[in-house]
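Commentary on secondary and tertiary structure
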Amino acid sequence: MNPNKADSYIPAVMKTSLDLPPLWGRLSFLSPLDAELVSHFELPAGRTLALTFELGRASFEDIRARIKKAARDADGYYNYALVFLDPGQTALLKAAIAELSPR
């Protein structure tokens, strides 16, 4: 997983279930297929999340992802490797990332 880089974080809201309050974290890496998330909240590998965040002019709500790997760093933050689950959502993410990329 990538080391923490405060200048490249994307704030994100994480929902783990309908009956629990949302948690917060920051995306430190984002691609159309996967992401890395940093948070103070501990979650197990294998858990499914719904992420909400903004990327450029696009807003994404309830992007489904599964935690592939979870690790705690020396500062007490949890670092998660995520994989996105919905092909329709990943296509929208790919378009938003392409719009931000220099041509």
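I will try to describe carefully the structure that is included in this document. (Residues numbered from 1 in each chain as written. Predicted model: local features only at pLDDT ≥ 70, side-chain atom pairs only at ≥ 80, totals over all residues. Heavy atoms only, no water.)

A few words on the nonpolar core. In this structure, Leu27, Leu30, Leu51, Phe53 and Leu82 are the most contacted members of the largest nonpolar core, which totals 23 residues. At the level of elements, strand 1 (10-15), strand 2 (23-30), strand 3 (34-39), strand 4 (48-55), strand 5 (58-72), strand 6 (78-84) and helix 1 (87-100) are the ones that each hand at least two residues to this core. Those residues within four positions of Leu51 in sequence are excluded, and the remaining contacts are Val13, Met14, Leu27, Phe60, Glu61, Asp62, Ile63, Ala65, Leu82 and Phe84. (Core = buried A, V, L, I, M, F, W, Y, C linked by side-chain atoms within 4.5 Å. Buried < 20%, exposed > 50% of the residue type's maximum accessible area, 1.4 Å probe, protein only. Helix = DSSP H or I, 4+ residues; strand = E, 2+ residues; numbered from the N terminus. Contact = heavy atoms within 4.5 Å.)

Our focus in this paragraph is the pairing of strand 3. The buried fraction of strand 3 is high, at five of six residues. When strand 2 meets strand 3, the two strands line up antiparallel, connected through four bridges. When the bridges of strand 3 are listed, Arg26 appears paired with Val38. Between strand 2 and strand 3, which follow one another and run antiparallel, lie three residues. Here strand 3 runs beside strand 6; their pairing, made up of six bridges, is antiparallel. Within strand 6, the position partnered with Asp34 by the bridge is Val83. (Pairing = 2+ DSSP bridges.)

Here the focus is the pattern of salt bridges. This model, assessed by the stated rule, comprises two salt bridges. Between Asp62 and Lys15 there is a salt bridge, with its nearest N and O atoms 3.1 Å apart. In this pair, Asp62 is assigned in strand 5 and Lys15 in strand 1, connecting sequence segments 47 residues apart. A salt bridge links Arg57 to Glu99, with the shortest nitrogen-to-oxygen separation between them at 2.8 Å. Taken as a pair, Arg57 in the loop between strand 4 and strand 5 and Glu99 in helix 1 lie far apart in primary sequence, 42 residues in all. We classify Arg57 as exposed; its relative accessible area is 77%. Given the relative accessible area of 44%, Glu99 is considered partly exposed. (Salt bridge = Lys/Arg side-chain N within 4 Å of Asp/Glu carboxyl O.)

This part takes up the sheet that holds strand 4. Strand pairing in a sheet is mediated by backbone hydrogen bonds. Such pairs are either parallel or antiparallel. The antiparallel closed barrel is built from six strands, whose spatial order is 1-2-3-6-5-4. Looking at each pair of strands side by side, their axes are set apart by 45° on average, direction ignored. Both strand 1 and strand 4 contribute to a ladder of four bridges, which runs antiparallel. Bridged to Met14 within strand 4 is Leu51. Where helix 1 meets the sheet, its contacts fall on strand 2, strand 4, strand 5 and strand 6, and the angle it forms with strand 5 comes to roughly 100°. (Axes fitted to C-alpha atoms, helices over the stretch in contact; angles between N-to-C directions.)

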